[in-house]
Amino acid sequence: MDLRIEQASEQGQSVWLVHACGMTFNFADQASAVAFAAKLEERVDAFHQLSAETVKHWTAEHFRMLRGS
């Protein structure tokens, strides 16, 4: 997973941004941004047991997206 944390300025206020999976999340302080990023990474990396039906559906959807339909 591509995960990046950066400090930015919005309306004259310092904010911390976490960029992940094409989304951006805003935080008021660095500690909150780092804690969120760590928890997100932990959850994404956690073991996930998927049913055969779910894997079948996701595989079909993946190939549909690759074809651009």
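Thresholds, definitions, all that
Residues numbered from 1 in each chain as written. Predicted model: local features only at pLDDT ≥ 70, side-chain atom pairs only at ≥ 80, totals over all residues. Heavy atoms only, no water. Pairing = 2+ DSSP bridges. Helix = DSSP H or I, 4+ residues; strand = E, 2+ residues; numbered from the N terminus. Axes fitted to C-alpha atoms, helices over the stretch in contact; angles between N-to-C directions. Core = buried A, V, L, I, M, F, W, Y, C linked by side-chain atoms within 4.5 Å. Buried < 20%, exposed > 50% of the residue type's maximum accessible area, 1.4 Å probe, protein only. Contact = heavy atoms within 4.5 Å. Patch = residues over 30% accessible without salt bridge, like charges linked within 9 Å, V, L, I, M, F, W, Y side chains within 5 Å. Areas by Shrake-Rupley, 256 points an atom, 1.4 Å probe, with all protein chains shown as cover. Salt bridge = Lys/Arg side-chain N within 4 Å of Asp/Glu carboxyl O. Polar contact = N/O pair within 3.5 Å; in protein donor to acceptor, adjacent residues only side chain to side chain.

**Some details on the sheet that holds strand S1 (residues 3-10)**
And step 1. Reading across the sheet, the 3 strands line up as S1-S2-S3 and stay open at both edges, with antiparallel pairing between neighbours. Of all the strands in the sheet, just S1 and strand S3 (23-27) have a single pairing partner and so form its edges. Each neighbouring strand pair of the sheet contributes to a mean axis angle of 30 degrees, computed without reference to strand direction.
And step 2. Two elements, strand S2 (residues 13-20) and S3, share 5 bridges in a ladder whose sense is antiparallel. Bridge pairing links Trp16 to Phe27 in S3.

**Overview of the nonpolar core**
And step 1. Trp16, Val18, Phe27, Ala33 and Ala37 together form the largest nonpolar core, which totals 5 residues.
And step 2. Of all elements in the fold, only S2 and helix H1 (30-45) reach the threshold of two or more residues within this core.
And step 3. Non-local contacts of Ala37, meaning those with residues more than four positions away in its chain, are made with Leu3, Ile5 and Val18.

**Things to note about a nonpolar patch on the surface**
And step 1. A cluster of nonpolar side chains, Leu50, Val55 and Trp58, forms an exposed patch at the surface whose accessible area comes to about 290 Å².
And step 2. Tracing the sequence through the fold places Trp58 in helix H2 (residues 52-67).
And step 3. For Trp58, a relative accessible area of 52% corresponds to the exposed category.

**Here's the deal with the pattern of salt bridges**
And step 1. In this structure the tally under the stated criterion is 3 salt bridges.
And step 2. Where Arg4 meets Glu6, a salt bridge forms, and the shortest distance between an N and an O atom there is 3.4 Å.
And step 3. With a relative accessible area of 45%, Arg4 lands in the partly exposed category.
And step 4. Residue classification places Glu6 among the partly exposed residues on the basis of a relative accessible area of 27%.
And step 5. Across the pair Glu42 and Lys39 runs a salt bridge whose closest N-O atoms are separated by 3.4 Å. Highlighted residues: Glu42 and Lys39, both in helix H1, separated by 3 residues, approximately one helical turn.
And step 6. Taking the relative accessible area as the measure of exposure, Lys39 reaches 36% and is therefore partly exposed.

**Let's talk about the environment of Arg64**
And step 1. One can find Arg64 in helix H2.
And step 2. Of note is the side chain of Arg64, whose polar atom sits 2.5 Å from the side chain of Glu61.

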